[in-house]
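Chain by chain, the residues run as shown.
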Amino acid sequence: MDTPQKGNITVIPTGAALAADVVGIDLSKPVSQEIFKQIEDAWHTHLVLRFRNQQLDDDALLAFARLFGDLDQAPIHAGKDVVNPYPEITVMSNIKVNGKAIGNLGHYEAEWHTDMSYNDTAPIGSLLYSLEVPPEGGNTGFSNMYAAYDTLPAAVKKQILGRFCRHDSSRNSAGELRKGYTDVTDPRDAPGAIHPLVRTHPRSHRNCLFLGRRRNAYIIGLPLDESEDLLNQLWAHATQKKFEWYQVWKVGDLLMWDNRCAMHRRDAFDPESRRLMHRTQIKGDRPFFDPKTLDARA
Ligand code: OGA
Ligand code: MN
């Protein structure tokens, strides 16, 4: 077995509201505790990390991901006969073999979302590794939800503190109905987990806006029209360009995002071109809001 890589990594921030490149590391080789610590610190600071020019098979991808915690099983698919190579790896692809989709999300736009926040516990992060990329389109956007929360008007912060939102589980981020779910006609009836709108990150102890996804979201206890108005206001604020950064994919890019404090989306691309990515997710715990974070600032 290879000896773990020692020394230092170099972290180069994108200059946007989030994300940084990490250079000077080959993730197909074992990573020392010392380097892991540097990567984890950079991840908590920049929310999204990109490692370019990697050559990872599924075993190497899983081995690196496992440094951050236990991994999730792949989620329920949208009515397709998708076969995953490993239970912890989800294939994200538009490619069809013999007329059958080999992966999830197709070629469509994926709307802003947090992965699997419709469950009681959502992954702390996701790792997405590119094997094939289309010549254009299919870029992935990320948005900094600490910045979104910090810049909310004080009155809106007051309005949402202590409020909970239900995160719809019936459809995926491309809008497809998941297997075994019925169409939601009233957001108050949507299935899915309930989470605080303002979430305290367990490692940074900073608060961020935790919206999940817009479709069929509902703020518990409010009349539907008030819930819709407030959600529209929060989403308009959270999806401003100044909080974003976009990944333009190259083959061999590994991206990891902090699913607790960053949202993501994807541009559509030409269905005739091929895009193939392998994703794995680090198991999370239950989102919470810690009122002590406010006392500390007062
Ligand atoms: C995901 C996701 C976007 C993309 O893997 O959770 O939303 O760019 N992917 O494929
Ligand atoms: Mn996603």
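The structure reproduced in this document is the subject of the present report. Because the structure is predicted, anything quoted here is derived from the model rather than measured. (Residues numbered from 1 in each chain as written. Chains lettered and ligands numbered in written order. Predicted model: local features only at pLDDT ≥ 70, side-chain atom pairs only at ≥ 80, totals over all residues. Heavy atoms only, no water.)

A full pass over the atoms with the stated rule returns 16 salt bridges. We note a salt bridge from arginine 279 to aspartate 115, for which the minimum N-O separation is 3.9 Å. With arginine 279 in strand E19 (residues 276-282) and aspartate 115 in the loop between strand E8 (110-113) and strand E9 (125-132), this residue pair connects regions lying 164 residues apart in the sequence. Like aspartate 115, arginine 279 is buried. Two residues, aspartate 183 and arginine 171, come together in a salt bridge whose shortest N-O distance is 2.8 Å. Linking aspartate 183 in the loop between strand E11 (164-166) and strand E12 (194-196) with arginine 171 in the loop between E11 and E12, this pair joins segments that are 12 residues apart in sequence. According to the relative accessible area criterion, aspartate 183 is partly exposed, its value standing at 47%. Of the residues examined, arginine 171 reaches a relative accessible area of 13% and is grouped as buried. Linked by salt bridges that have partners in common, Glu109, Arg265 and Asp267 make up one network. (Salt bridge = Lys/Arg side-chain N within 4 Å of Asp/Glu carboxyl O. Helix = DSSP H or I, 4+ residues; strand = E, 2+ residues; numbered from the N terminus. Buried < 20%, exposed > 50% of the residue type's maximum accessible area, 1.4 Å probe, protein only.)

Take the state of the cysteines next. For the structure on display, the rule yields 0 disulfides. The closest cysteine sulfur to the non-disulfide-bonded cysteine 165 is located on cysteine 208, 14 Å from its own sulfur. Free cysteine: cysteine 261, not disulfide-bonded; nearest cysteine sulfur from cysteine 208 at 5.5 Å. (Disulfide = S-S within 2.5 Å.)

With that out of the way, let us pick up the layout of surface pockets. If you add up the space inside the largest pocket, you get close to 240 Å³. Asn94, Ile95, Lys96, Gly106 and His107 are, among the 15 residues lining the largest pocket, the residues nearest its centre. (1 Å grid on protein atoms, 1.4 Å probe; cavity = no way out; pocket = protein on both sides within 12 Å on 5 of 7 lines; lining within 4 Å. Points joined across faces, edges and corners; volume = space filled by probe spheres on them.)

Moving on to the sheet that holds strand E3 (residues 48-51). Pairing is mixed in the open sheet, where 8 strands are placed in the order E1-E2-E3-E17-E9-E19-E4-E7. Of all strands in the sheet, those bounded by a partner on one side alone are strand E1 (10-13) and strand E7 (104-105). Strand contacts of helix H1 (residues 33-46): E1, strand E2 (20-23), E3, E9, strand E17 (254-258) and E19, with the helix running at about 130° to E3, the strand carrying the most contacts. (Pairing = 2+ DSSP bridges. Contact = heavy atoms within 4.5 Å. Axes fitted to C-alpha atoms, helices over the stretch in contact; angles between N-to-C directions.)

On to the pairing of E9, then. With 6 of its 8 residues buried, E9 lies for the most part within the structure. Judged from the 5 bridges that link them, E9 and E17 form a sheet pairing that is antiparallel. By the bridge assignment, leucine 128 is partnered in E17 with leucine 255. The sheet contact formed by E9 and E19 spans 7 bridges and is antiparallel. Residue pairing for E19: serine 130 is matched across the bridge by methionine 277.

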